[in-house]
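# Structural features, examined
Chain by chain, the residues run as shown.
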Amino acid sequence: MKKVWILGLAAAVLLAGCATPALETVSDVYETQPPGEMGAIRLELPEDAAEAVMEGAQGTRLYLCDGYELRLQTVFSGELDDALRSVTGFGSDRLTVIKTRDGEYDRYDCVWCAAGEGGEQVGRTAIWDDGSYFYCVSALADSGTAYGLTPVWQQIMDSFTLG
(Lines give C-alpha, C1' and ligand atoms only; values in the text may rest on other atoms or scores of the structure.)
Protein backbone atom coordinates (compact mmCIF):
# COMPACT_ATOMS: atom_id res chain seq x y z
CA MET A 1 0.00 0.00 0.00
CA LYS A 2 2.91 2.28 0.76
CA LYS A 3 4.27 1.69 -2.77
CA VAL A 4 0.96 2.79 -4.32
CA TRP A 5 1.06 6.08 -2.39
CA ILE A 6 4.65 6.74 -3.42
CA LEU A 7 3.89 5.94 -7.06
CA GLY A 8 0.77 8.14 -6.95
CA LEU A 9 2.67 11.03 -5.38
CA ALA A 10 5.50 10.71 -7.93
CA ALA A 11 2.99 10.64 -10.82
CA ALA A 12 1.21 13.73 -9.45
CA VAL A 13 4.49 15.63 -9.21
CA LEU A 14 5.54 14.63 -12.74
CA LEU A 15 2.16 15.45 -14.29
CA ALA A 16 1.76 18.78 -12.49
CA GLY A 17 3.84 20.57 -15.15
CA CYS A 18 1.44 19.39 -17.90
CA ALA A 19 -1.61 21.14 -16.44
CA THR A 20 -1.09 24.57 -18.06
CA PRO A 21 -1.26 24.65 -21.86
CA ALA A 22 1.03 26.93 -23.82
CA LEU A 23 -1.04 29.65 -25.53
CA GLU A 24 -0.13 31.45 -28.70
CA THR A 25 -1.95 34.51 -30.00
CA VAL A 26 -2.16 36.14 -33.40
CA SER A 27 -0.52 39.30 -32.09
CA ASP A 28 2.60 37.28 -31.34
CA VAL A 29 3.04 36.56 -35.03
CA TYR A 30 1.62 39.59 -36.88
CA GLU A 31 2.30 43.20 -36.02
CA THR A 32 -0.17 45.82 -37.22
CA GLN A 33 1.17 48.91 -38.91
CA PRO A 34 -0.09 52.23 -37.56
CA PRO A 35 -1.97 54.35 -40.11
CA GLY A 36 -0.02 57.06 -41.86
CA GLU A 37 -0.49 60.72 -41.15
CA MET A 38 -3.83 62.04 -42.39
CA GLY A 39 -3.60 64.44 -45.32
CA ALA A 40 -5.84 67.40 -46.09
CA ILE A 41 -8.29 67.67 -48.98
CA ARG A 42 -7.52 70.59 -51.26
CA LEU A 43 -9.71 71.83 -54.07
CA GLU A 44 -10.86 74.97 -55.77
CA LEU A 45 -14.30 75.87 -54.49
CA PRO A 46 -16.68 77.41 -57.00
CA GLU A 47 -17.64 81.08 -56.58
CA ASP A 48 -21.16 80.14 -55.46
CA ALA A 49 -19.85 78.13 -52.49
CA ALA A 50 -20.33 80.02 -49.27
CA GLU A 51 -18.53 79.23 -46.03
CA ALA A 52 -18.97 75.67 -44.82
CA VAL A 53 -22.41 75.34 -43.25
CA MET A 54 -21.34 72.30 -41.27
CA GLU A 55 -17.97 71.09 -40.04
CA GLY A 56 -17.57 67.75 -38.35
CA ALA A 57 -14.90 65.46 -37.03
CA GLN A 58 -12.04 64.31 -39.25
CA GLY A 59 -12.33 67.31 -41.56
CA THR A 60 -15.89 66.71 -42.77
CA ARG A 61 -17.28 69.89 -44.33
CA LEU A 62 -20.59 70.61 -46.07
CA TYR A 63 -21.02 73.53 -48.47
CA LEU A 64 -24.40 74.62 -49.82
CA CYS A 65 -23.89 75.98 -53.31
CA ASP A 66 -26.31 77.36 -55.90
CA GLY A 67 -28.58 74.36 -56.53
CA TYR A 68 -26.33 71.63 -55.10
CA GLU A 69 -24.38 70.60 -52.02
CA LEU A 70 -20.70 69.79 -51.84
CA ARG A 71 -19.31 67.51 -49.13
CA LEU A 72 -15.69 66.83 -48.18
CA GLN A 73 -14.94 63.99 -45.78
CA THR A 74 -12.27 61.53 -44.72
CA VAL A 75 -13.17 57.89 -44.05
CA PHE A 76 -10.95 55.88 -41.69
CA SER A 77 -11.83 52.45 -43.01
CA GLY A 78 -9.56 50.02 -44.76
CA GLU A 79 -12.24 48.99 -47.26
CA LEU A 80 -13.40 50.92 -50.32
CA ASP A 81 -16.90 49.50 -49.89
CA ASP A 82 -17.22 51.20 -46.46
CA ALA A 83 -16.10 54.53 -47.92
CA LEU A 84 -18.60 54.22 -50.78
CA ARG A 85 -21.42 53.40 -48.36
CA SER A 86 -20.49 56.39 -46.21
CA VAL A 87 -20.56 58.78 -49.18
CA THR A 88 -23.29 57.40 -51.46
CA GLY A 89 -25.32 55.05 -49.29
CA PHE A 90 -24.59 52.21 -51.73
CA GLY A 91 -21.98 49.47 -51.74
CA SER A 92 -19.63 48.74 -54.63
CA ASP A 93 -21.93 45.91 -55.77
CA ARG A 94 -24.60 48.50 -56.72
CA LEU A 95 -22.32 51.11 -58.31
CA THR A 96 -20.09 51.35 -61.34
CA VAL A 97 -16.80 52.53 -59.91
CA ILE A 98 -13.98 53.69 -62.18
CA LYS A 99 -10.52 53.20 -60.73
CA THR A 100 -7.59 55.28 -61.97
CA ARG A 101 -4.14 56.11 -60.66
CA ASP A 102 -3.41 59.76 -59.92
CA GLY A 103 0.26 60.12 -59.02
CA GLU A 104 0.93 57.90 -56.04
CA TYR A 105 -2.74 57.45 -55.07
CA ASP A 106 -5.62 55.29 -56.31
CA ARG A 107 -8.65 57.32 -57.32
CA TYR A 108 -12.22 56.03 -57.55
CA ASP A 109 -15.02 57.92 -59.33
CA CYS A 110 -18.72 57.13 -59.55
CA VAL A 111 -22.14 58.66 -60.14
CA TRP A 112 -25.33 57.55 -58.40
CA CYS A 113 -29.05 58.34 -58.17
CA ALA A 114 -31.14 58.22 -55.00
CA ALA A 115 -34.51 59.30 -53.73
CA GLY A 116 -34.30 62.51 -51.72
CA GLU A 117 -36.70 64.63 -49.70
CA GLY A 118 -37.69 66.69 -52.72
CA GLY A 119 -37.55 63.92 -55.32
CA GLU A 120 -34.83 62.10 -57.18
CA GLN A 121 -31.25 63.27 -56.70
CA VAL A 122 -28.02 62.69 -58.64
CA GLY A 123 -24.62 62.59 -57.00
CA ARG A 124 -21.03 62.37 -58.11
CA THR A 125 -18.02 61.47 -56.01
CA ALA A 126 -14.26 61.20 -56.26
CA ILE A 127 -12.39 59.16 -53.64
CA TRP A 128 -8.64 59.08 -53.16
CA ASP A 129 -6.99 56.21 -51.31
CA ASP A 130 -3.57 56.81 -49.75
CA GLY A 131 -3.42 53.35 -48.16
CA SER A 132 -4.55 54.54 -44.72
CA TYR A 133 -7.53 56.82 -45.39
CA PHE A 134 -10.14 57.51 -48.05
CA TYR A 135 -10.52 61.19 -48.96
CA CYS A 136 -13.93 61.88 -50.48
CA VAL A 137 -15.41 64.81 -52.39
CA SER A 138 -19.04 64.48 -53.43
CA ALA A 139 -21.65 66.72 -55.05
CA LEU A 140 -25.40 66.15 -54.87
CA ALA A 141 -28.28 67.91 -56.69
CA ASP A 142 -31.86 67.38 -57.80
CA SER A 143 -32.03 65.28 -60.96
CA GLY A 144 -33.55 68.14 -62.97
CA THR A 145 -30.55 70.42 -62.42
CA ALA A 146 -27.71 67.89 -62.16
CA TYR A 147 -27.06 67.67 -65.90
CA GLY A 148 -26.49 71.44 -66.14
CA LEU A 149 -24.04 71.24 -63.21
CA THR A 150 -21.80 68.66 -64.91
CA PRO A 151 -19.14 71.20 -66.04
CA VAL A 152 -18.98 72.76 -62.56
CA TRP A 153 -18.68 69.35 -60.88
CA GLN A 154 -15.99 68.32 -63.37
CA GLN A 155 -13.97 71.43 -62.54
CA ILE A 156 -14.29 70.70 -58.80
CA MET A 157 -13.26 67.05 -59.19
CA ASP A 158 -10.32 67.99 -61.43
CA SER A 159 -8.98 70.41 -58.81
CA PHE A 160 -9.13 67.75 -56.05
CA THR A 161 -5.68 67.04 -54.55
CA LEU A 162 -4.20 66.00 -51.23
CA GLY A 163 -1.95 68.28 -49.25
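Residues numbered from 1 in each chain as written. Predicted model: local features only at pLDDT ≥ 70, side-chain atom pairs only at ≥ 80, totals over all residues. Heavy atoms only, no water.

### Re the layout of surface pockets
As a reminder, the rule being used: Cavities and pockets were defined on a 1 Å grid built over protein atoms only: a cavity is a set of grid points that admits a 1.4 Å probe from which the probe cannot escape, a pocket is an open set flanked by protein on both sides within 12 Å along at least five of seven lines, and lining residues are those with an atom within 4 Å of any such point. Grid points are joined across faces, edges and corners, and a volume is the space filled by probe spheres set on the points. Under the scheme used here, helices are H or I runs from DSSP no shorter than 4 residues and strands are E runs no shorter than 2 residues, and both carry numbers assigned from the N terminus. Asp, Glu, Lys and Arg are counted as charged, while Ala, Val, Leu, Ile, Met, Phe, Trp, Tyr, Cys and Pro are counted as nonpolar; the rest, among them Gly, fall into the polar class.
Taken as a whole, the largest pocket holds about 220 Å³ of empty space. Contributing to the lining of the largest pocket are 13 residues, with Val87, Thr88, Trp112, Gln121 and Leu140 lying nearest its centre. Going through the elements one at a time, β4 (68-75), α3 (80-88), β6 (105-116) and β8 (134-142) are the ones with two or more residues in the lining of the largest pocket. Looking at the lining of the largest pocket residue by residue, the classes come out as seven nonpolar, four polar and two charged.

### A word on the sheet that holds strand β3 (residues 61-64)
Stated precisely, the cut-off is as follows: Should DSSP find at least two bridges between two strands, the strands are regarded as paired.
Read from one edge to the other, the open sheet built from seven strands follows the order β2-β3-β4-β8-β7-β6-β5, with strand pairing classed as antiparallel. Across the chains shown, the open sheet's two edge strands, defined by having one partner strand only, are β2 (54-55) and β5 (98-102). Inspection of the sheet shows β5 paired to β6 by five bridges, in the antiparallel sense. When the bridges of β6 are listed, lysine 99 appears paired with tyrosine 108.

### A few points about the pairing of strand β7 (residues 119-129)
Which entries qualify depends on this criterion: Partly exposed residues are those whose accessible area sits between 20% and 50% of the maximum for their type, while under 20% is buried and over 50% is exposed, using a 1.4 Å probe and protein chains only.
Within β7, eight of the eleven residues are buried, leaving the element largely enclosed by the surrounding structure. As defined by bridge partners, β6 adjoins β7 across eleven bridges and the pair is classed as antiparallel. Note on β7: the bridge partner recorded for tyrosine 108 is isoleucine 127. The turn joining β6 and β7, which pair antiparallel and follow one another in sequence, is formed by two residues. Summarising the sheet, β7 and β8 pair through nine bridges and their orientation is antiparallel. Across the sheet, the residue bridging to tryptophan 128 is tyrosine 135, located in β8. The turn joining β7 and β8, which pair antiparallel and follow one another in sequence, is formed by four residues; a positive phi near 100° is taken by glycine 131.

### Concerning the nonpolar core
In plain terms, the rule: For this analysis, a nonpolar core means a set of buried residues of the types Ala, Val, Leu, Ile, Met, Phe, Trp, Tyr and Cys, connected via side-chain atoms within 4.5 Å.
Within the largest apolar cluster, 23 residues are counted, with the highest numbers of intra-cluster contacts made by Ile41, Leu70 and Val137. Here this core takes four residues from β8, the largest share from any one element. Formed by 14 residues, the second largest nonpolar core is a distinct cluster that contains Leu80, Leu95, Trp112 and Leu140.

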